[in-house]
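# Observations on the model geometry
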Amino acid sequence: MTAQLLDGKATAAGIKAELTERVAALAARGIRPGLGTLLVGDDPGSQWYVAGKHKDCAEVGIASLREDLPADATQEEIEAAVRRLNEDPACTGFIVQLPLPAGIDTNRVLELVDPDKDADGLHPTNLGRLVLRVSEPVTSPLPCTPRGIIELVERHGIDLAGADVVVVGRGVTVGRSIGLLLTRREVNATVTLTHTGTADLAEHTRNADVIIAAAGVQGVITADIVKPGAVVVDVGVSRVTDPETGKSRVTGDVHPSVLDVAAWVSPNPGGVGPMTRAMLLSNVVDSAERAAGMA
Ligand SMILES: Nc1nc2c(c(=O)[nH]1)N[C@@H](CN(C=O)c1ccc(C(=O)N[C@@H](CCC(=O)O)C(=O)O)cc1)CN2
């Protein structure tokens, strides 16, 4: 192995320490940010992620509120819960935990979220603001995973300005939205978005300074399609059963062989996941500071 690790756990811990101080400064002015979560159903993964978000809030001093609905909740019941969170003054930002159960119109639910309370940064208005305001300072919530990836890379001293970045996967939470951040003037990277319709993935990745792998296909990024010295960020989440232990575990898009050619690789778990969680908290604190005229 030659690659160094982009340590998401340690970086997220540092960001949480900074947030704790910022939350204390807000408290000194009588302001307490509050993150709401809306969870529908009993998927164990989603329950675990939501519990993690409340734990993170407690760690940095953000209040947290929960709306939990059963798996058979109707579209109307879910939309009513979104309206409650929109109207609750104690909730300064909230997320709808994804995925929602089959049969629910997810886009309709997400579009109901008040854009100023959109802690995930995925509301069409907030994505639209990124499209329209490429050179101005951002004054709206940013998509958490893309923001987390950029923070992870830059906080390891890697400059993205002028870098050729290849993104693998066109999902909304990462692939489609990260280009909006990477091509902003303050980051200044050049982005190629590849997907299942790309004719020759390797031709793109072999020339990339940075690969952001968000395909959700276990081990799709192998050493032979990575340029020596590249930075490789693993966003993929595949759940596999270990044949030796019989236990289920998370694995990513990046094959272990990549550690022998790349300069930097993000571990998975322990890379982008903890950063996504930290960026959710950052969005909540940023919004509270903006509302208080502190940013
Ligand atoms: N409304 C949202 N829903 C979902 C999002 C999201 O950003 N907003 N992303 C995922 C789930 N997610 C947060 O909600 C999330 C997933 C994973 C992690 C994480 O820290 N993972 C660990 C590994 C955990 C394990 O072993 O199972 C890691 O990468 O180290 C954080 C957040 C879908 N839904």
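Residues numbered from 1 in each chain as written. Predicted model: local features only at pLDDT ≥ 70, side-chain atom pairs only at ≥ 80, totals over all residues.

### Notes on the site of the ligand
Within the structure, the ligand sits among 17 residues, and Tyr49, Leu98, Val250, Pro269 and Gly273 are positioned closest to it. Looking at the shell around the ligand, the element that brings in the most residues is helix α9 (residues 272-291), giving four residues. Counting contributing residues, the shell around the ligand receives three or more from each of domain 1 (29-116) and domain 2 (142-274). (Near = placed C-beta within 6 Å. Helix = DSSP H or I, 4+ residues; strand = E, 2+ residues; numbered from the N terminus. Domains from an automatic or database assignment.)

### Side note on the pairing of strand β6 (residues 190-194)
Where a strand is regular, its side chains alternate between the two sheet faces. Relative to β6, strand β5 (residues 164-168) runs parallel, the two sharing five bridges. Directly across from valine 168, in β6, lies its bridge partner threonine 194. Handedness of the crossover joining β5 and β6 through helix α7 (residues 172-182) is recorded here as right-handed. (Pairing = 2+ DSSP bridges. Right-handed = clockwise from strand over helix to strand, strands pointing away.)

### Side note on the domain arrangement of the chain
For the chain, the assigned domains are domain 1 (29-116) and domain 2 (142-274). Measuring from the centre of the C-alpha atoms in domain 1 to the corresponding centre in domain 2 gives 28 Å.

### Details of the sheet that holds strand β2 (residues 34-40)
If you walk across this open sheet you meet the three strands as β3-β2-β4, and the pairing is parallel. Where the open sheet ends on each side, the last strands, each with one partner, are β3 (63-69) and β4 (93-96). Pairwise comparison of adjacent strand axes, ignoring direction, gives a mean angle of 15° for this sheet. Of the strand pairs in this sheet, β2 and β4 are connected by four bridges, and their pairing is parallel. Bridge assignment links glycine 36 to a residue of β4, and that residue is phenylalanine 94. Each of β2, β3 and β4 touches helix α3 (residues 75-87); the most contacted strand, β3, lies at about 165° to it. (Axes fitted to C-alpha atoms, helices over the stretch in contact; angles between N-to-C directions. Contact = placed C-beta atoms within 7 Å.)

### Let's talk about the UniProt feature "binding site: NADP(+)" (unreviewed entry) in the chain
UniProt tags Gly169, Arg170, Gly171 and Val237 as "binding site: NADP(+)" (unreviewed entry). Despite a sequence span of 69 residues, these residues sit close together in the fold, their greatest C-alpha distance being 14.4 Å. Inspection of the secondary structure puts glycine 169 in the loop between β5 and α7. If near-sequence neighbours (up to four positions away) are discounted, glycine 169 is found in contact with Val174, Gly175, His195, Ala214, Ala215 and Gly216. Here valine 237 is to be found in the loop between β8 (231-234) and β9 (238-241). (UniProt positions renumbered as here; feature names shortened; annotations may be inferred.)

### Things to note about the environment of alanine 17
Looking at where alanine 17 falls in the secondary structure, it is placed in helix α1 (residues 8-28). Linking alanine 17 and isoleucine 150, residues 133 residues apart in sequence, is a C-alpha distance of 19 Å.

### As for unusual backbone geometry
In this structure, proline 99 follows leucine 98 across a cis peptide bond, with omega equal to 0°. Relative to the assigned elements, proline 99 resides in the loop between β4 and α4 (106-112). The phi torsion at asparagine 188 lies on the positive side, around 65°, for a residue other than glycine. What makes asparagine 188 partly exposed here is the crowd of 13 C-beta atoms within 10 Å. (Buried ≥ 20, exposed ≤ 12 C-beta atoms within 10 Å, placed from the backbone.)

### Notes on helix α5 (residues 124-132)
Along α5, the residues classified as buried are Asn126, Leu127 and Leu130. Here the buried residues of α5 occupy an arc of 100° about the axis, which is enough to place them on one side. Exposed positions of α5 whose direction lies more than 90 degrees from the buried face are Val131 and Leu132. Buried residues along α5 sit in contact with α7. (Arc of directions from axis to C-beta.)

### A closer look at the packing of helix α6 (residues 144-154) against α9
In the contact formed by α6 and α9, the axes pass within 8 Å of each other and the chain directions differ by 110°. With respect to each other, α6 and α9 are oriented roughly perpendicular. The chirality of how α6 crosses α9 is right-handed. Along its contact with α6, which presents Cys144, Thr145, Arg147, Gly148, Ile149, Glu151 and Leu152, the element α9 presents Val272, Met275, Thr276, Ala278, Met279, Leu280 and Asn283. Of the residues that constitute the contact of α6 with α9, the class distribution is eight nonpolar, four polar and two charged. (Parallel < 35°, antiparallel > 145°, perpendicular 65-115°, else oblique. Left-handed = near helix turned anticlockwise from the far one by under 90°. Nonpolar A, V, L, I, M, F, W, Y, C, P; charged D, E, K, R; others polar.)

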